Each structure stands twice: as structure tokens, then as C-alpha cells.
Number of protein chains: 2
Amino acid sequence: MYDCIIIGKGPAGISCAIYLKRFNKNVLVIGKDYGSLGRAKVIENYYGFNSISGLDLAKKGEEQAKNLGIEVITDEVLEIMGLTVMTKNNSYEAKSIFLATGKTNKANISGIDDSLVSYCATCDGFFFRGKKIALIGYGDFMMHEYDVLKNFTKDITIFSNSEENIKDLINGKIKKVFSKDEKKCILVNDTEYLFDGIFVASSNDSMAIAKHLGLITDSNNKFEVDNFKTNIDGIFAGGDAIDGLDQVSTSVSDGAKAAIEINKYLKEE
Amino acid sequence: MYDCIIIGKGPAGISCAIYLKRFNKNVLVIGKDYGSLGRAKVIENYYGFNSISGLDLAKKGEEQAKNLGIEVITDEVLEIMGLTVMTKNNSYEAKSIFLATGKTNKANISGIDDSLVSYCATCDGFFFRGKKIALIGYGDFMMHEYDVLKNFTKDITIFSNSEENIKDLINGKIKKVFSKDEKKCILVNDTEYLFDGIFVASSNDSMAIAKHLGLITDSNNKFEVDNFKTNIDGIFAGGDAIDGLDQVSTSVSDGAKAAIEINKYLKEE
């Protein structure tokens, strides 16, 4: 049982871990990758570094945490149930969770919006019992959603760059998603595929985790928080996953401030 | 005429300068020293640095700003009048000011509190016309306050470690300040010195600047701000000078966020 599981090993997650460790708390950091920081070519506006690549800064941060004795695991979170965090091979329990999941990586597909697609098989699969559905995504989280959807229907077509061994896999760039004749249409090359429902499985996606958990998000898919507290007791969020400037500096600060709140919460428990 | 003069070259000041420079703003940073960061032996909780001395981090920050073409001056601010910032030898005008003056270095003397001493010769000197007063302080700011006080009375005793050539200078550790028989008493060694009024001149002291400007401070001598805006139009504050965690991480974030607000303010002007 951890005092806190931190999801995301970018600046907000690592900074929170460092502060909680200082408070002598038992923390676990789980991150799939370094998110948007890892993709930033050059950072010149973070105090203390003339010029550094996002990847180098992110690695330094992870190393710093490990040097302080913090457990950092590179893994993909597939589901959070209550205060239990599940990856492909493990599940971890905690007294609190800090979501430092970064910006929502919305599938960059023309036409995709919340009215057209669902981000949560567990939540919405039931509404498509026996129907023809599409699943867009890749990796373990897509497979996890696929397994859930199979409980509701056998007619599932997967759109993915994945190399997974799945039947009914369509591999190819999706040009557009749109409504057509009360159906939902996915356009790949010049072929239109029609479905009753479309699911998008994009892991490390704040939106997916939010929908699964029942967390409230704003119109930009950021978690709504009050002083880093989400609407669910024991679950906190910060960094690019909440409304703000999406800067390293503000994420690092969020991590520190959230740690103070989480520490208070743990004391009250 | 600068777009913004930033007072303080610690994390909040430099971070703000970096962001304003990004917005193509013409900024000047004036700082006497690195404040509390410069005195921190080891910092291990600032994201990106395993372990670094406060002085080294502060130097890196200043260097970073200079590399981006930001003017950083090491000098002591003696007075701010409106949006004009005065040092010993110069005065600078700006459209806005960011106070990143750090924690209040309250004179660490037993018994000193606001009811017993004044921090502003310009504000309170008038009430001690022709009276016997003491001035506690050192350096250029003390001399500045001395010059102001001389307009009101000739009976001024200075308590200082200063080597300045002043008559009536008492050099020695002040043990205590207290009220006695409707007078105010300063105890040095075993001698009690009685005065009608005591002035404290401690520069780079948020309190001094605040009193001079008419800025509102809270009970901890932090500037009261609303989203980094003080009660005076065009004057902003952040970092350890406002209520918060007094951490490098939060100061750096404050600098970035304040820059956004200052940039908005400059646009509206």
C-alpha cells in the first residue's frame, strides 16, 4: 500500500514525488513516457538551464527522483478503479493518487469529437450491445478496451497502426470521422466504413482516465480541480493535466504544491 | 523607458524576465544579491538538479537571462516613486514593475515589531520633528534614510555595523529593543539608549519598499496580490515576496505566471 501513486513521470509527477518523499511518504511513480516534455526539442525558459532538450531534462528529473530513493516504473496505466492502479501485469494500491498525466493526446483525426466517439469501453460499451462498432487506438490500452468491448458485441473493427495479431484490423491513415445516415463513418483512403459506434482508446490520455473514473473535466479536457483536488476523494491532479500555462515551470510548481495538499490529506486520513 | 523593471534577481525575478523577453518586452532586472537562494547550501528538490548549491543555481539563472539578451544589473534599489526605480547612482523608468524582492529580511533583533519601529523615513519622519531618534541599518539604504531623517531632526543616533563616516554612530550588537517610560529603548552591551522614535533601514526589505509605496502587506510582511497584481496599478509581485511556499519551484512558476499578467497589462496600456 503506497501513500501515493503518481501517474506520469514528467515535471509535475516527479516534482510531486520529490516533495512527498521529503515528507517521508511512500510513493510510486508510474509513467509510460515523458509526454510532451520528451518531445520538446529545446527548452530555454526553465530557470537554471540555458538550453536543454526536453528529453534530457525529463531524464534528469527521473534520475533525480531515483537518486532520492523514489520508485519510478516505466509502464502503461490501463485502468484506475477506486485507488487501485492497474497496468498490464500488475496492480498497485494507494491511499491517494496524483494524476500528472499531461496534456490530452487527443487522436489527431479530423472530425473526432465527444459527440461522435466514446473514450470508455467500460462506461459506454453497454449501449452498443450486439452492434457494429469501431475501435481506434494502439498498444496495451487499446487491447484492454478491446477485451472489454468483446463482452458487448462480436462485430468489432479495429483501426490501428498496431502490429497486434487481431482479425478485422484496418491499417491505414484515417482521413476523417463523420456522421452519415444515422451511422458513424470512418474514411480510410477512399473507403468509407460505417458503424453504430466508434471507440477511441488512447492511453495516458487524461480524457480516458477521467471518463473511467468519473472525474470532471473542462471543455479543454483538463481535470477540474480545487487546489489540486479533483472531484473524487483522494485523487489529485496537476501539471498540464489541469488548466494552466502548460509550462515546465508551472508543472514543477504544481507538483510541489500538490504534494503539500496530498500530505495534508494523508494526515487527515 | 523599460516595459518592465524587475527588482530581484532570484528565481522569480529571472523567470519573469525570461518570459517577458520571450514576449519581446524590454526588461531590466536590478538585484542587490541572490537573497535567500544565495544562502541555501544545498537544493535537492528543484526539478532537474540532483543537488546544487543555491548560489550556483542563482548564478546559472542570471547567466541564462544574460544569454537571452536580458540586462541584469547588480545594484541596490533605494526607492521606488510611482514607476521610477532609484538606485544610488541612477534612476530608471518603466511601464510596469515586478517586485521579486524575496523574503523580508527583518532585522533579527529581539523585541523589534511594527508598533515599536518605523521602516520608512519618508512616511514617518514628519512625526518626529525635532525629536530624538535612532536609525538602525547599514549601507546605502541606511544613508538614504539618514538623509531623509535629517530634514526633520538633528538628533539622530545611528546603530550600525557600517564603516560610514558618521558622527553619533554606535557600533555594537543590539541585544534588545523595548518600550520604557514612554520612550523607546535600545540595549547595546549593558547600556540603554532612550529615543522618541526608532527607524529601521533594511534595504531589499519588502516591508521598506511596501511602506514607501503604499503597498498592502499581510501579517507576514508579504505583498498582498490578486493574480500577482498589487494594490498599485502597474506594480506586480511574486516569489517569496508574496504568500506561498517559499520554494525555488513555486518562485520560478510565479515569475512565469506574472509575466503573462504583466504582458496583458502592457497590452492594455
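### Remarks on the overall build of chain A
Check the secondary structure of chain A and you find seven helices and 15 strands. Residues classed as buried in chain A amount to 47% of the 269 residues present. A fraction of 61% describes how many contacts in chain A between residues 6 or more apart in sequence connect residues 24 or more apart.

### Notes on the interface of chain B and chain A
Of the residues lining the interface, 28 residues belong to chain B; the matching set on chain A comes to 28 residues. Top element by residues in the side of chain B that touches chain A is helix α7 (residues 248-268) of chain B. It accounts for seven residues.

### Looking at the nonpolar core
In this structure, A:I97, A:L99, B:I97 and B:L99 are the most contacted members of the largest nonpolar core, which totals 153 residues. With residues near it in sequence (within four places) discarded, A:L99 still touches A:I7, A:G8, A:I209, A:F223, A:I235, A:F236, A:A237 and A:A241.

### Side note on the sheet that holds strand β13 (residues 183-188) of chain B
Residues and elements named next belong to chain B. Spatial ordering of the open sheet is given by β12-β13-β14, a layout of three strands whose pairing is antiparallel. The sheet is open, and its two edges are formed by β12 (174-180) and β14 (191-195), each paired on a single side. Adjacent strand axes in the sheet meet at a mean angle of 25° when their direction is disregarded.

### Some points on the packing of helix α1 (residues 11-22) of chain A against helix α7 (residues 248-268) of chain A
Residue and element names in this part refer to chain A. Interhelical geometry of α1 versus α7 gives an angle of 40° and a closest axis separation of 7 Å. With respect to α7, the element α1 is oriented oblique. Taken as a pair, α1 and α7 cross one another with a handedness that is right-handed. Note on element contacts: α7 touches α1 through V248, S251, V252, D254, G255, A256, A258, A259, I262 and N263, opposite P11, A12, G13, I14, S15, C16, Y19 and L20. Grouping the constituent residues of the contact of α1 with α7 by class yields 12 nonpolar, five polar and one charged.

### Brief notes about the packing of α7(A) against α7(B)
The N-to-C vectors of α7(A) and α7(B) enclose an angle of 135°; their axes lie 8 Å apart at closest approach. By the criterion of interaxial angle, the relationship of α7(A) to α7(B) is oblique. As α7(A) packs across α7(B), the resulting crossing turns out to be left-handed. Touching A:S249, A:T250, A:V252, A:S253, A:A256 and A:K257 of α7(A) are B:S249, B:T250, B:V252, B:S253, B:A256 and B:K257, all from α7(B).

### Observations concerning the domain arrangement of chain A
Where the parts come together, the accessible area they lose is often given as the size of the interface. Residue and element names in this part refer to chain A. Assigned domains within chain A: domain 1 (4-105 + 204-268) and domain 2 (121-201). The straight-line distance from the C-alpha centre of domain 1 to that of domain 2 is 30 Å. Each side of the interface is counted separately: domain 1 has six residues, and domain 2 has six residues. At the level of elements, β4 (77-81) and α6 (206-213) are the ones that each hand at least two residues to the side of domain 1 that touches domain 2. When the residues that make up the side of domain 1 that touches domain 2 are grouped by side-chain class, the tally is one nonpolar, one polar and four charged.

What counts and how
Residues numbered from 1 in each chain as written. Chains lettered and ligands numbered in written order. Predicted model: local features only at pLDDT ≥ 70, side-chain atom pairs only at ≥ 80, totals over all residues. Helix = DSSP H or I, 4+ residues; strand = E, 2+ residues; numbered from the N terminus. Buried ≥ 20, exposed ≤ 12 C-beta atoms within 10 Å, placed from the backbone. Contact = placed C-beta atoms within 7 Å. Core = buried A, V, L, I, M, F, W, Y, C linked by C-beta atoms within 7 Å. Pairing = 2+ DSSP bridges. Axes fitted to C-alpha atoms, helices over the stretch in contact; angles between N-to-C directions. Parallel < 35°, antiparallel > 145°, perpendicular 65-115°, else oblique. Left-handed = near helix turned anticlockwise from the far one by under 90°. Nonpolar A, V, L, I, M, F, W, Y, C, P; charged D, E, K, R; others polar. Domains from an automatic or database assignment.

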